[in-house]
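These are the residues of each chain, in order.
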Amino acid sequence: EVTLSTCAANACTAETYPKLTNPDNAAAGTCAGLTELASGSSCVPECDAGYSLSGQLTTSCAAGTLTLATCVKIVCLAGERVKDNACISCPPGTTNADGGDDASGGDTECDDTLCGANEHVSGHACDACPAGTTNAAGDNASGDDTACDKTLCAADEHVVSNACVACDGNSNLAGDDASGGDTVCDGDLCASNQRVE
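Rules and cut-offs
Residues numbered from 1 in each chain as written. Predicted model: local features only at pLDDT ≥ 70, side-chain atom pairs only at ≥ 80, totals over all residues. Heavy atoms only, no water. Helix = DSSP H or I, 4+ residues; strand = E, 2+ residues; numbered from the N terminus. Pairing = 2+ DSSP bridges. Salt bridge = Lys/Arg side-chain N within 4 Å of Asp/Glu carboxyl O. Buried < 20%, exposed > 50% of the residue type's maximum accessible area, 1.4 Å probe, protein only.

K.L.:
For this particular structure, what's the right way to read unusual backbone geometry?
P.N.:
Note on backbone geometry: most residues besides glycine have negative phi, and most peptide bonds are trans. In this structure, Asn25 is a non-glycine residue whose phi angle is positive, near 55 degrees. Tracing the backbone shows Asn25 in the loop between strand 1 (12–13) and strand 2 (26–27). Phi at Asn118 is positive, roughly 60 degrees, even though this residue is not glycine.

Here it is in structure tokens:
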């Protein structure tokens, strides 16, 4: 009587491949406690905080050759910051223009967005001041809404298209509001105790 033997592909052992149960940047996950991984089988490590599976998503064995899952650092994009080893969006009115924060490290912060000259804060964004108004640079978009200051014309100026323009041969009292409609010059004004002839 003849007995036939069955050949089986070699398994991957933890003795030959210590990273089977001790992977880089990860805990063993479903590979925990294994002494060997049968050919054609796979398991999944649990990536450390701030790391995620990328490329090879499982640890697998093929005829005695182990292919390890890969856990790579999570790197935040522009406009994101690190909180609890994850990338989250920057709060309104702030930014992280360069990105690149490493989620495997500590928490990071975004930078305040500061408005330029003649801009004001509206809904955590910098908007241009309305015509006839101005504002100094430096309003912080992460805070409350701000307003621009009215432009008031000097004496002998009047408003044309939201700008102060010199009166042409006439006079005008100071204080015309350039954020409103066009104004006209008053003409020559008589001094106290004078009259027009």
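Right, picking up where we left off after that structure.
K.L.:
So what exactly am I meant to see when it comes to the sheet that holds strand 7 (residues 59–62) here?
P.N.:
The strands that make up a sheet are held in pairs by hydrogen bonds between backbone atoms, and each pair lies either parallel or antiparallel. Within the open sheet, the 3 strands sit side by side as 4-7-8. Their pairing is antiparallel. Edge positions in the sheet fall to strand 4 (42–43) and strand 8 (65–67), since each of these pairs with one other strand and no more.

K.L.:
Sorry if this is basic, but what is going on with the pattern of salt bridges here?
P.N.:
Between side chains of opposite charge, pairing is possible as soon as their charged atoms come close. Overall, the coordinates contain 3 salt bridges when judged by the stated rule. Here Asp24 makes a salt bridge to Lys19, at a shortest N to O gap of 2.7 Å. In this structure Lys19 comes out as partly exposed when scored by relative accessible area, which is 35%. Residues Lys73 and Asp102 are paired through a salt bridge, measuring 3.3 Å at the closest nitrogen-oxygen approach. Remark: Asp102 occurs in the loop between strand 12 (94–95) and strand 13 (111–112) and Lys73 occurs in strand 9 (residues 71–73); sequence separation between them is 29 residues.

On their own, these measurements won't tell you what the molecule is for.
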